[in-house]
Amino acid sequence: MPGPKYGRILLKLSGEVLAGKQEFGIDPLVASRLASEIKTIHELNVTIGLIIGAGNIFRGMEAATKGMDRVTGDYLGMLATIMNAISLQDALEKEGIETRTLSAISVSQISEPFIRRRALRHLDKNRVVIVAGGTGNPYFTTDTAAALRAKELKANVLLKGTKVDGVYDKDPFLHSDAVKYDEISYSEVLNKNIRIMDLTAITLCKENMLPIHVFNINKNGDLKKAILGESIGTIINV
């Protein structure tokens, strides 16, 4: 078997994935399945940083459109990411994987503060590091947090696990003629306004030459295939 293509990754998961078929909240069975998938790449001695969105619990932008103050909504979303992080930490530890949750906002009873040097030490000890709380600032999405933390933690790639199997020219759930890209440049994503990630995250990756690999996290085995460099999903690079 060939070795892993990447030695250190930042895996970004959408919060909706954790909800499973119930569409809201956290499904422990889904958390367990995700932990099992992550274990397969941890066993390849890949060091893993992880960020989870909050869409299964709360979306600050949506709340703002309904009258809630945007800053308040974003902070609620950050708290929701901590709930997701602790749930996945529990599932990973049940798989025997040493895991640490570091939060950009202070919740000292259940997580460590995000300090870059501390996170790097955990990674060097082959612990999975889950970064919660976004960037700790309103107006920044967890996609942007993932791009930022990926560079801070010296990841070789930003892996984005979603409900779709790559990047399409339009929403494949709404358009049967949607065309999938195997590879696409940052500039094309920005110019065509393809909303696979927010524009700030794409720009940050572009400026720092950080490749993004988009794949379907719901397909068993695809995470490992992506790590081994197999042709799945879509790669966004120069």
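What counts as what
Residues numbered from 1 in each chain as written. Predicted model: local features only at pLDDT ≥ 70, side-chain atom pairs only at ≥ 80, totals over all residues. Heavy atoms only, no water. Pairing = 2+ DSSP bridges. Helix = DSSP H or I, 4+ residues; strand = E, 2+ residues; numbered from the N terminus. Phe/Tyr/Trp six-rings, centres within 6.5 Å; stacked < 30°, edge-to-face > 60°. Lys NZ or Arg CZ within 6 Å of the ring centre and 35° of its normal. Axes fitted to C-alpha atoms, helices over the stretch in contact; angles between N-to-C directions. Parallel < 35°, antiparallel > 145°, perpendicular 65-115°, else oblique. Left-handed = near helix turned anticlockwise from the far one by under 90°. Contact = heavy atoms within 4.5 Å. Nonpolar A, V, L, I, M, F, W, Y, C, P; charged D, E, K, R; others polar. Patch = residues over 30% accessible without salt bridge, like charges linked within 9 Å, V, L, I, M, F, W, Y side chains within 5 Å. Areas by Shrake-Rupley, 256 points an atom, 1.4 Å probe, with all protein chains shown as cover. Salt bridge = Lys/Arg side-chain N within 4 Å of Asp/Glu carboxyl O. Lys, Arg positive; Asp, Glu negative; His and termini not counted. Charge placed at Lys NZ, Arg CZ, Asp CG, Glu CD. Buried < 20%, exposed > 50% of the residue type's maximum accessible area, 1.4 Å probe, protein only. Core = buried A, V, L, I, M, F, W, Y, C linked by side-chain atoms within 4.5 Å. Polar contact = N/O pair within 3.5 Å; in protein donor to acceptor, adjacent residues only side chain to side chain.

(A) A look at the sheet that holds strand β5 (residues 128–132). Read across the sheet, nine strands follow the order β4-β3-β5-β2-β1-β6-β10-β11-β9 without closing on themselves; strand pairing throughout is mixed. The strands lining the two open edges of the sheet, one partner per strand, are β4 (112–113) and β9 (183–185). Bridging between strand β1 (residues 8–13) and strand β6 (residues 157–162) involves five bridges; their strand directions are parallel. Each residue of the ladder has a partner; that of isoleucine 9, found in β6, is valine 157.

(B) Summary view of the packing of aromatic side chains. Under the defined criterion, the tally for this structure stands at zero aromatic pairs. The ring of phenylalanine 114 has arginine 149 sitting right over it, with the charged end atom 3.9 Å from the ring centre.

(C) Expanded view of the packing of helix α6 (residues 142–152) against helix α8 (residues 199–207). Direction vectors running N to C along α6 and α8 enclose 15°, while the axes themselves pass 7 Å from each other. As the angle between them shows, α6 and α8 are arranged roughly parallel. Pair α6 / α8 crosses with left-handed handedness. Facing Asp143, Thr144, Ala147 and Leu148 of α6, the residues of α8 in contact are Thr200, Ala201, Leu204 and Cys205. Looking at the contact of α6 with α8 residue by residue, the classes come out as five nonpolar, two polar and one charged.

(D) Representation of a positive patch on the surface within the structure. Together, Arg116, Arg117, Arg121, Lys125 and Lys154 make up a region of like positive charge exposed at the surface. Inspection of the secondary structure puts lysine 154 in the loop between α6 and β6. Look at lysine 154 and you get exposed, because its relative accessible area is 52%.

(E) Local environment of the nonpolar core. With 35 residues, the main nonpolar core has Ile9, Leu11, Leu50, Leu88, Leu92, Leu159 and Leu223 as its most contacted residues. Elements with a minimum of two residues in this core: β1, α1 (15–19), α2 (28–42), β2 (47–52), α4 (70–94), β5, β6 and α9 (222–227). Discounting residues that sit within four places of it in the chain, leucine 88 has contacts with Leu13, Ala31, Leu34, Ala35, Ile38, Leu50, Ile52 and Ile130. If you look at the next biggest cluster of nonpolar residues, it comprises 31 residues, including Leu10, Ala146, Leu158 and Tyr181.

(F) Region of interest: the side chain of threonine 99. Looking at the secondary structure, you find threonine 99 in strand β3 (residues 99–103). A polar contact of 3.0 Å, which involves the side chain of threonine 99, links it to the backbone oxygen of isoleucine 97. If we ignore the near neighbours within four places in the chain, the residues touching threonine 99 are Gln89, Leu92, Glu93, Val128 and Ile130.

(G) The arrangement of the environment of threonine 47 in detail. As for its position among the elements, threonine 47 is in strand β2. When the C-alpha atoms of threonine 47 and lysine 125 are compared, they prove to be 8.9 Å apart, with 78 residues separating the residues in sequence. In terms of polar contacts, threonine 47 uses its side chain to reach the side chain of arginine 8, at 2.9 Å.

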